[in-house]
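Here is what each chain is made of, one letter per residue.
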Amino acid sequence: MKIISKKIFGLFLLAVSLILLWYIIPALFSGTTQQPDIGNDANDLPLWIVVMDPLADRLACDCVEGYAQRKYNEFAIFLEKRLGQPVELAYGENLPDILKLNQGKPDLVIGKESIVLFDANETKTAIRPIARLTDKNGTTNLTGLFVVRHSDPANTVEDLKGYKIVFGPKDEAEKSSAAIAALKAKDIPVPKQIKTSPSCSTAAVAVVEKEADATVISSYALSLLEGCSTIDRGALRVVGQTSAVPFITVFATDAVSRKDENEIVEALLAVRNNKRLLARMESKAGFIKVRRQWSEMIRSDASQPVVEWTNWRGPKRDAVSSYVPKKLPAKAKFLWRRPLTGVGLSGIAATSRYVIVADKSKDEKSDIFRCLDADIGNQLWAIEYPAPEDMDFSNSPRANPVIHESLVYLLGAFGDLNCVNLKTGQVVWKKNIIKEFGAELVTWGMCSAPLIVDDKLIVNPGAKDASIVALDRRIGKVIWKTPGEPAGYSSFILATFGNVRQIVGYDSISLGGWDPKTGRRLWKLLPEDEGDFNVPTPLYINGKLLVATENNGTRLYGFDNSGTIQAKPLAQNLDFSPDSSTPVVINGLMFGCFGGLFCLDLNNDLKTLYSNEDDDAFFDYAALIAGNDHVLIITVEGELILIEATGAGYTLKSRLHLFEETEVWSHPALIGNRLYIRNTTEVCCVSLNN
């Protein structure tokens, strides 16, 4: 037995030695230790999901049977089977704390949309929405509920005037921005110092204990507050609600490829076919796909980058866009509509994520600039400042917002200029260009959209020694200022004329060119007939300059080799003489509206090829956008008119009436098949997709 035991022990040692040599010898040559092959496929890496759903079982109490107990652990098992990949869950109420406790970047974040968006911005986490979870009723939204004590006499939101109202934190849209918008829509003043509460429970208790008159709670929270005995059943009464906002949304981070995203979305959509999981997730229809992502939705060719509307009349200030449709929908399709508090003349600036719109307070005492979510219209931030003075045609801002890189420049009618962080709404710098440079405010206020030239921001206060000023766009410091006349109303352009790069535009009496480096005036041209308002924007046309005003008609100018304008126009047309509407150029043709629709031939001495003076839609101001051999005309009455860009005659393609009993003076923004348009009472996103 001893001999056999020794032999067995010897064989055991030999086997162990061989195994060790199998791994150690290659390491002697390669410098690394060979590891057993445990699988290096990407599907072996876990899919990390952050769960911030307030109705998840790990984040909510179990006081109400069958409610707020969503079983995300069972959902994870379902995903593992569908994707063939392990799934790890991390629960928490906010993303910053979760990321502190876990290394790396999550693949998916599931939670209340407004909170996830806010936290992603705070943590600089790039995310994109891919799906939304339906609730027991099949909806994907929630609202804010205005509640008062049961004995309170209030019955509607209108009755809350003068009440001490507690709002929610700004990252919870239904209790903050949506609630404020609901009050303003009912003409209920909102205090400048808003009282907030961090949770529905503390806010509800404050009302019950008479520390506040009313509060706004999430629509899913009331039954939980009563079920958990935070408040007595029936202690609070609902008197109104906010507009709906998205609730539980699934976001993918940039750690997820587009290919993997498609597979994940398919797995999410498959939940609808699993009755047991639907019950465990407290969902009627499972997940639904978010409207096609911006990269797909706003382009006709997804291989091309999105062209955003970041400036006056688009990125080049020429109102030419490849997104102009060839046919309009038969009926208006509003993706969202948001009420505003005042009238507006300023145009819209927009990116694929943000929409910037100017507004006025209900009492007409303050300017307001709002940044909205481009996808759903929710307000992300707003800046407001006093601007109570009177002015003809309203006292609201006129100048188009200008977005450049991470900043947006906002100019009010009375000279208030704000440089604001586009993502956060934080004011980077500000100044009043009328007061700082000692200018006299012109009759209709500051109308010229600031112009970006390299790292300069060009504005025109119109002071005697500072007619035009260049500011450092990042800090607002004066780089140069040049003397001249009071301000004109037209916006400037930057272009090369006669081999000289120059700023071109109007002061109150003349057309001019300025050196962007020094501010030196290069030339000055007085019109034959004085008194033009100088509102329409000049256009660069293959080295020539096209201008149109009410007293001198439409003119095309050439330049000499020194960059100086030639006083005598190359061509002139007195048929089209607009006082405010800027024309567009496409296919060698100019189209413009004022007193009718006019088509001029740029290659034949600005000859009028045709006009339509019978249709009242073209009589007054209109905004025009050209592209794809078509011209889209947006009339004051709120009608979209699409015509062919041909000189053969007026060729109507389609018409679409958007609004009734309101007017459109604000220039819209076009990105993909979305038209962002403002009338006197609201801003809307209209789909032009057929």
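Residues numbered from 1 in each chain as written. Predicted model: local features only at pLDDT ≥ 70, side-chain atom pairs only at ≥ 80, totals over all residues. Heavy atoms only, no water.

Before going further, it helps to spend a moment on the sheet that holds strand β2 (residues 87–91). An order of β2-β1-β3-β12-β4-β13 is seen for the six strands of this open sheet, with the pairing classed as mixed. Every interior strand has two partners, whereas the edge strands, β2 and β13 (287–289), have only one. This sheet shows a mean twist of 30° between the axes of neighbouring strands, independent of strand direction. The pairing of strand β1 (residues 47–52) with strand β3 (residues 108–112) spans four bridges and is parallel. (Pairing = 2+ DSSP bridges. Helix = DSSP H or I, 4+ residues; strand = E, 2+ residues; numbered from the N terminus. Axes fitted to C-alpha atoms, helices over the stretch in contact; angles between N-to-C directions.)

In this section: the state of the cysteines. Within this structure, the stated rule accounts for one disulfide. Across a sulfur-sulfur distance of 2.5 Å, C61 and C228 are joined as a disulfide pair. Taken together, the residues C61 in the loop between β1 and α2 (72–83) and C228 in the loop between α7 (222–227) and β10 (236–241) connect sequence positions 167 residues apart. What makes C61 partly exposed here is its relative accessible area of 31%. According to the relative accessible area criterion, C228 is partly exposed, its value standing at 24%. No disulfide involves C371; its nearest neighbouring cysteine sulfur is the one of C419, lying 14 Å away. (Disulfide = S-S within 2.5 Å. Buried < 20%, exposed > 50% of the residue type's maximum accessible area, 1.4 Å probe, protein only.)

Further remarks concern the environment of E639. You can see E639 is positioned in strand β41 (residues 639–644). Between the C-alpha atoms of E639 and C371, which are 268 residues apart in sequence, the distance is 25 Å. Discounting chain neighbours no more than four positions away, the residues touching E639 are A617, I633, I634, R655, L656 and H657. Side-chain polar atoms of E639 contact the side chain of R655, separated by 2.8 Å. (Contact = heavy atoms within 4.5 Å. Polar contact = N/O pair within 3.5 Å; in protein donor to acceptor, adjacent residues only side chain to side chain.)

Strands sit in the order β23-β24-β25-β26 across an open sheet of four strands; the sheet is antiparallel. Sheet topology places β23 (451–453) and β26 (478–482) at the edges, where each strand pairs with a single neighbour. Taking the axes of each pair of neighbouring strands and ignoring which way they run, one obtains an average angle of 25° across the sheet. Pairing between strand β25 (residues 468–472) and β26: four bridges, direction antiparallel. Bridging across to β26, V469 finds its partner in K481.

Moving on to a negative patch on the surface. Residues D575, E613, D614, D616, D620, E637 and E663 make up a contiguous surface patch of negative charge. Here E637 lies in the loop between β40 (630–635) and β41. When its relative accessible area of 37% is taken as the criterion, E637 is described as partly exposed. (Patch = residues over 30% accessible without salt bridge, like charges linked within 9 Å, V, L, I, M, F, W, Y side chains within 5 Å. Areas by Shrake-Rupley, 256 points an atom, 1.4 Å probe, with all protein chains shown as cover. Salt bridge = Lys/Arg side-chain N within 4 Å of Asp/Glu carboxyl O. Lys, Arg positive; Asp, Glu negative; His and termini not counted. Charge placed at Lys NZ, Arg CZ, Asp CG, Glu CD.)

Turning our eyes to something else, we now look at helix α6 (residues 200–208). Within α6, the full set of buried residues consists of C200, A203, A204, A206 and V207. Down the axis of α6, the buried set is contained in an arc of 155°. They therefore lie on one face. K210 lies just past α6 and shows a positive phi near 65°. (Arc of directions from axis to C-beta.)

The next subject is helix α4 (residues 113–123). Three- or four-residue spacings in an α-helix give side chains the same orientation, since the helix completes a turn every 3.6 residues. Among the residues of α4, E113, S114, I115, V116, D119 and A120 are the ones counted as buried. Lining the buried residues of α4 we find β1, α3 (95–101), β3, β4 (127–133), β11 (245–246) and β12 (248–253). Where α4 terminates, the next one or two residues include K124, which has phi positive at roughly 55°.

Attention now moves to the packing of aromatic side chains. A full pass over the atoms with the stated rule returns 16 aromatic pairs. Ring geometry for Y220 versus F247: centroids 5.1 Å apart, planes at 15°, classification stacked. Of this pair, Y220 sits in the loop between β9 (214–218) and α7 while F247 sits in the loop between β11 and β12, and the two are 27 residues apart along the sequence. Taken as a pair, Y220 and F247 share a single burial class, namely buried. Taking 5.8 Å as the distance between ring centres and 85° as the angle between the ring planes, the aromatic pair formed by F492 and W514 counts as edge-to-face. Of this pair, F492 sits in the loop between β26 and β27 (493–497) while W514 is found in strand β29 (residues 511–514), placing the two residues 22 residues apart along the sequence. For the pair F492 and W514, a shared accessibility class is recorded, and that class is buried. Aromatic ring contacts, followed pair by pair, group F393, W444, Y489 and F533 into a single cluster. Over the face of the ring belonging to F334 we find R337, whose NZ or CZ atom lies 4.0 Å from the ring centre. (Phe/Tyr/Trp six-rings, centres within 6.5 Å; stacked < 30°, edge-to-face > 60°. Lys NZ or Arg CZ within 6 Å of the ring centre and 35° of its normal.)

Another aspect to go through is the environment of G595. The residue G595 is located in the loop between β36 (589–593) and β37 (597–601) in this model. Exposure remark for G595: the relative accessible area of 25% places this residue in the partly exposed category. Once the C-alpha coordinates of G595 and G240 are considered, the two residues, 355 residues apart in sequence, prove to be 47 Å apart. The residues contacting G595, other than those within four sequence positions of it, are E613, F618 and F619.

Along the chain, the position of S177 falls in helix α5 (residues 177–185). Among all residues touching S177, those that are not within four sequence positions of it are R338 and Q379.

Here we take up the side chain of D375. Mapping D375 onto the fold places it in the loop between β17 (366–373) and β18 (379–386). What makes D375 buried here is its relative accessible area of 13%. Within the local environment of D375, its side chain forms a polar contact with the side chain of R674, the two groups lying 2.9 Å apart.

So, on to the confidence of the model for the protein. Per-residue confidence for the protein averages 90 on the pLDDT scale, and 91% of its residues sit at or above 70. Note that pLDDT drops below 50 for residues 1–9; the model gives that stretch zero contacts with residues more than four away or on any other chain. The low-confidence segment residues 11–42, where pLDDT is below 50, has 10 contacts with residues more than four positions distant or belonging to other chains. (pLDDT = per-residue confidence, 0-100.)

Pairing of side chains with opposite charge becomes possible as their charged atoms draw close. For the structure shown, the criterion picks out 29 salt bridges. In this structure, E113 engages R132 in a salt bridge whose closest nitrogen and oxygen atoms are separated by 2.7 Å. Taken together, the residues span a long stretch of sequence, with E113 in helix α4 and R132 in strand β4 at a distance of 19 residues. Notably, a salt bridge pairs R370 with D359, separated by 3.0 Å at the nearest N-O pair. Taken together, the residues span a long stretch of sequence, with R370 in strand β17 and D359 in strand β16 (residues 354–360) at a distance of 11 residues. We classify D359 as buried; its relative accessible area is 0%. Via salt bridges that share partners, K112, E172, E174 and K175 belong to a single interconnected network.

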